[in-house]
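Summary of the model geometry
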Amino acid sequence: QNQTGCAYEDVLFTSHVLKELDAHDPATPLFYYWAHHNVHEPLEAPLAYYNKFPFINDTNRRLYAAMTNHLDTDLSMVVDMLKQKGMWNNTLIIFLADNGGPTYLGGGANNYPLKGSKLSNWEGGIRVNAFISGGYVPENMRGTKLEQFVSMEDWYATLSHLAGVNPYDDVAHKAGLPPVDSLDLWPLLSGANQTSPRTEVHIGNGCCCCVERTVYVQGIIIPPYKLLIHAVNQSFWQGPLYPNSTVIAPSGTTDCGDEGCLFNIVDDPSEYTNLAKQHPDIAKHLRKRIAEVDKTVFNPNRGDAIAQMCATFDDKYHGFVGPFVKI
């Protein structure tokens, strides 16, 4: 399509980041949260990036590659700015995704060899790409790979530690809320020890932007085992190439029921073999732990669904969130 006069969203975001860094005094500590839109639906990319990948025949996959390349370019510009400002040696960059790749129609991703997709609790939906970089990373840890378990919520306690802030939330405690489920990863990431403080990973039921549904714990990982209960969607595997069949957007649901589906995700990360019948004692232990954790799950009243908001989301903003009251 003709993109004349268009402004690519992530160009605007990245320009803002660069402007802020350029104006920043390196002597003053800085925390910066940069939520890059790429790589996310809708799949759109500047033509200059799209044209780099003529050898990819599938349009969605080609757009996905172009958007990934754009993200890589943006990150390199930010790194260059940090070095130019003399901030790199004291900088820690945490780069991570919030979910696995979207393999459904219009998604363009491939999670091979993992099972499933974004919007599911298979490994393809919850095991994500992540790395840390920057001059603050100890030299002995640079270029290494860690296979210990960590979870998204652990970055809160980790960053609190690095900033010298107590992560305990006294206000939440007084309001009767459960304690923050976050653990300090820095001893592991810095190489001070080889053990992750995260011995369990609690898996929510994937209730994305829900109003009427209840949030609950649908699964748990206690290495090397993982147990999922009830219906788990996006139940399929992909091949090493995308697309690799006549079905561009495979789907399917596995009903794990109340008893659960049990996997050894260290030996079987693709979740091919359900071990629930072979190890009923382990499955029972994990079900019990799910029930215990579920007692303190944060499940606020999100109000009622608003049809006008959904209509505005689809019709006026074409999939983007925006003002909807009295419009």
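My aim in this report is to walk through the structure given alongside it, one point at a time. All values reported here derive from a predicted model rather than from experimental measurement.

A short note on the overall build of the protein
Across its full length, the protein carries nine helices and eight strands. Expected size for 327 residues packed as a compact globule is a radius of gyration near 20 Å; at 22 Å, the protein falls within 12% of this value. Relative to its 327 residues, the protein shows a buried fraction of 37%. Here the contacts in the protein between residues at least 6 apart in sequence split such that 63% fall between residues at least 24 apart. Accessible surface, the protein: about 19600 Å² in total, of which carbon and sulfur atoms supply 55%. Counting 24 positive and 35 negative side-chain charges, the protein places the averaged centre of each group 1 Å from the other.

Side note on the environment of histidine 230
Summarising the element assignment, histidine 230 is placed in the loop between strand 5 (225–228) and strand 6 (231–232). Histidine 230 gets classed as partly exposed once you look at its relative accessible area, which sits at 26%. Taking C-alpha positions, histidine 230 is 4.3 Å from glycine 257, a pair spaced 27 residues apart along the chain. Sequence-distant contacts of histidine 230, that is, excluding residues within four places in its chain, are made with Tyr216, Gln218, Thr254, Asp255, Cys256, Gly257 and Asp258. Engagement of the side chain of histidine 230 in a polar contact is seen with the side chain of aspartate 258, the distance being 3.0 Å.

Details of the sheet that holds strand 4 (residues 217–222)
Here we have four strands laid out as an open sheet, ordered 3-4-5-8, and antiparallel in their pairing. Looking at the sheet topology across the chains shown, the edges are occupied by strand 3 (201–204) and strand 8 (261–264). In this sheet, adjacent strand axes meet at a mean angle of 15° when their direction is disregarded. In the sheet, strand 3 pairs with strand 4 via four bridges, with the strands oriented antiparallel. In the sheet register, valine 201 faces strand 4, and the bridge partner there is isoleucine 221. Across the sheet, helix 8 (residues 280–294) touches strand 3, strand 4, strand 5 and strand 8, and the angle it forms with strand 4 is around 125°.

As for the pattern of salt bridges
A complete count under the given rule lists eleven salt bridges for this structure. Arginine 198 serves as the salt-bridge partner of aspartate 181, at 3.3 Å between the closest nitrogen and oxygen. Here aspartate 181 is found in the loop between helix 6 (170–174) and helix 7 (186–189), whereas its partner arginine 198 is found in the loop between helix 7 and strand 3, with 17 residues between them in sequence. For arginine 198, a relative accessible area of 5% puts it in the buried group. Taking the shortest distance from any N to any O, the salt bridge between lysine 226 and glutamate 271 comes out at 2.8 Å. Residue lysine 226 is located in strand 5, and its partner glutamate 271 is located in the loop between strand 8 and helix 8; the two are separated by 45 residues in the primary sequence. In this structure, lysine 226 and glutamate 271 share a single accessibility class: buried. Connected via shared salt-bridge partners are Glu123, Arg127, Lys226 and Glu271.

Cut-offs and rules
Residues numbered from 1 in each chain as written. Predicted model: local features only at pLDDT ≥ 70, side-chain atom pairs only at ≥ 80, totals over all residues. Heavy atoms only, no water. Helix = DSSP H or I, 4+ residues; strand = E, 2+ residues; numbered from the N terminus. Rg over C-alpha atoms; globule rule 2.2 N^0.38 Å. Buried < 20%, exposed > 50% of the residue type's maximum accessible area, 1.4 Å probe, protein only. Contact = heavy atoms within 4.5 Å. Areas by Shrake-Rupley, 256 points an atom, 1.4 Å probe, with all protein chains shown as cover. Lys, Arg positive; Asp, Glu negative; His and termini not counted. Charge placed at Lys NZ, Arg CZ, Asp CG, Glu CD. Polar contact = N/O pair within 3.5 Å; in protein donor to acceptor, adjacent residues only side chain to side chain. Pairing = 2+ DSSP bridges. Axes fitted to C-alpha atoms, helices over the stretch in contact; angles between N-to-C directions. Salt bridge = Lys/Arg side-chain N within 4 Å of Asp/Glu carboxyl O.

Take it as geometry only, folks, not as evidence of what the structure does.
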